[in-house]
Amino acid sequence: MERICLKGVNKSYKDKEVLKNLTFDIQGSFGLLGPNGAGKTTLMRILTTLIPFDRGEIIMNNHISWKDHNVVRSYIGYLPQHFSLYRNVTVVECLLHLAVLKGIEKSKAKVEIDSLLQEVNLQEHKKKKIKQLSGGMLRRVGIVQALLGNPRLLVVDEPTVGLDIEERVRFRNLLRKLGRNRTILISTHIVEDVEMTCDYIGILKKGEITFTGKKEELKDIVKGKIKEELLTIEQADAMGNQVISLKQQDEQCLVRYFTENRDLHTEVTPTIEDAYLYLTKKGE
Ligand SMILES: Nc1ncnc2c1ncn2[C@@H]1O[C@H](COP(=O)(O)OP(=O)(O)OP(=O)(O)O)[C@@H](O)[C@H]1O
Ligand SMILES: [Mg+2]
């Protein structure tokens, strides 16, 4: 599967530096996790060659450089964070049009669209107009357009925003399936998105990569640092940004929090969410 290496990648908008010296590898199913404004979409747009970067190098499979736009583009399918489709045409008409724009011959496109619609479970809706689709269905049409031409690298920006819980779960399962035989890069600020769909995680904070590795390695960062205790609201308030979550229990609350003091009685098994919050809150 495709492997992308970033070396010292920088990007500024005017004099604001939004990506700082990014050096890491993308492989397998990779989730780029970061809060709003961290620079995720900027990085996705660089990786899809839509915008240039200022310094550094991006190389795929040790020999394809991001300077060769056209070669890189032939490898990539992209589902942007905000996308729109022709509203008054049917799903099939819309996809056929996009396939022809991508340079796929019409009769081949028809066969490909048919099998992709099957793969994303949209066959029964293919004659509906785009404007009649739910948010989840629209996202699935978006995935089909990204998969036209069978790209080796699929880039998906904020896949589950605006979807209800059921659609979210279904879309995550689809992404998981698509990641089995191609490299897939997903950016999100929702921890469950990467938890369910990705094997590798990168955390982006204010334009800097603060972690890359496997999910288990991420949890290890906060091993022994997470506790849960029954406390009063006042005690919890006094803990400030050490607190991860609170659950009301009668007069008290069950507080989940970070601490450097080990105590086996109150220690709990860390989750990816704990580790993500720990890394994003660190130093603030
Ligand atoms: N075209 C632009 N011109 C100037 N600044 C921009 C531009 N696009 C993004 N920015 C700024 O760059 C920073 C990173 O934005 P970006 O959209 O990449 O973040 P993000 O991680 O995708 O956020 P979100 O989770 O909200 O989608 C933000 O501070 C944003 O205001
Ligand atoms: Mg974004």
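Computed from a predicted structure; not experimentally measured. The written sequence of each chain sets the order in which its residues are numbered from 1. Whichever chain is written first becomes A and whichever ligand is written first becomes 1, with later ones labelled in order. Thresholds applied to this predicted model are a pLDDT of at least 70 for local features of residues and 80 or more for the giving and counting of side-chain atom pairs; totals over whole chains, interfaces and linings are not thresholded and use all residues.

### Observations concerning the packing of helix α5 (residues 135–147) against helix α6 (residues 165–178)
Line of reasoning, step 1. Only the contacting stretch of a helix is used when fitting its axis, a line to C-alpha atoms as for every element, and angles between N-to-C directions run 0 to 180 degrees. Helix and strand definitions follow DSSP, with helices as H or I runs of at least four residues and strands as E runs of at least two, each counted in order from the N terminus. Put simply, α5 and α6 touch, their axes get as near as 10 Å, and they point 15 degrees apart. Between α5 and α6, the angle falls in the class roughly parallel. Crossing of α5 over α6 shows right-handed handedness. Contact residues: α5 offers Gly135, Gly136, Arg139 and Ile143, while α6 offers Glu167, Arg170, Phe171 and Leu174.
Line of reasoning, step 2. For the contact of α5 with α6, the per-class residue count stands at three nonpolar, two polar and three charged. Each angle receives one of four descriptions, namely roughly parallel if under 35 degrees, roughly antiparallel if over 145, roughly perpendicular if within 65 to 115, and oblique otherwise. Left-handed describes a crossing in which the near helix is turned anticlockwise from the far one by less than a right angle; the clockwise case is right-handed. Two residues qualify as a contact pair if the distance between their C-beta atoms, derived from the backbone, is within 7 Å. Note on residue categories: nonpolar means Ala, Val, Leu, Ile, Met, Phe, Trp, Tyr, Cys or Pro, charged means Asp, Glu, Lys or Arg, and polar means any other residue, Gly included.

### Quick word on the domain arrangement of the protein
Line of reasoning, step 1. Reported domain spans reflect what an automatic or database domain assignment gives. The domain architecture assigned to the protein consists of domain 1 (4–215) and domain 2 (220–281).
Line of reasoning, step 2. The interface is formed by nine residues belonging to domain 1 together with five residues belonging to domain 2.
Line of reasoning, step 3. Mapped onto the side of domain 1 that touches domain 2, the elements with two or more residues apiece are α7 (191–197), β9 (200–205) and β10 (208–214).

### Observations regarding the sheet that holds strand β12 (residues 243–249)
Line of reasoning, step 1. Here, any two strands with at least 2 DSSP bridges between them count as paired. Strands sit in the order β11-β13-β12 across an open sheet of three strands; the sheet is antiparallel. Two strands in the sheet have a free side with no partner beyond their single neighbour: β11 (226–231) and β12. When strand polarity is set aside, the average angle formed by the axes of neighbouring strands in this sheet is 20 degrees.
Line of reasoning, step 2. With six bridges connecting them, β11 and strand β13 (residues 252–258) associate as antiparallel partners. From the neighbouring strand, Ile226 faces β13, where its bridge partner is Phe258.

### Digging into the sheet that holds strand β5 (residues 64–65)
Two strands in a sheet stick together by hydrogen bonds in their backbones, pointing the same way (parallel) or opposite ways (antiparallel).
Line of reasoning, step 1. Read from one edge of the open sheet, four strands run β2-β1-β4-β5, paired in antiparallel fashion. Each edge of the open sheet is held by one strand with a lone partner, namely β2 (16–26) and β5.
Line of reasoning, step 2. Judged from the two bridges that link them, strand β4 (residues 55–60) and β5 form a sheet pairing that is antiparallel. The partner of Met60 across the bridge, within β5, is Ile64.

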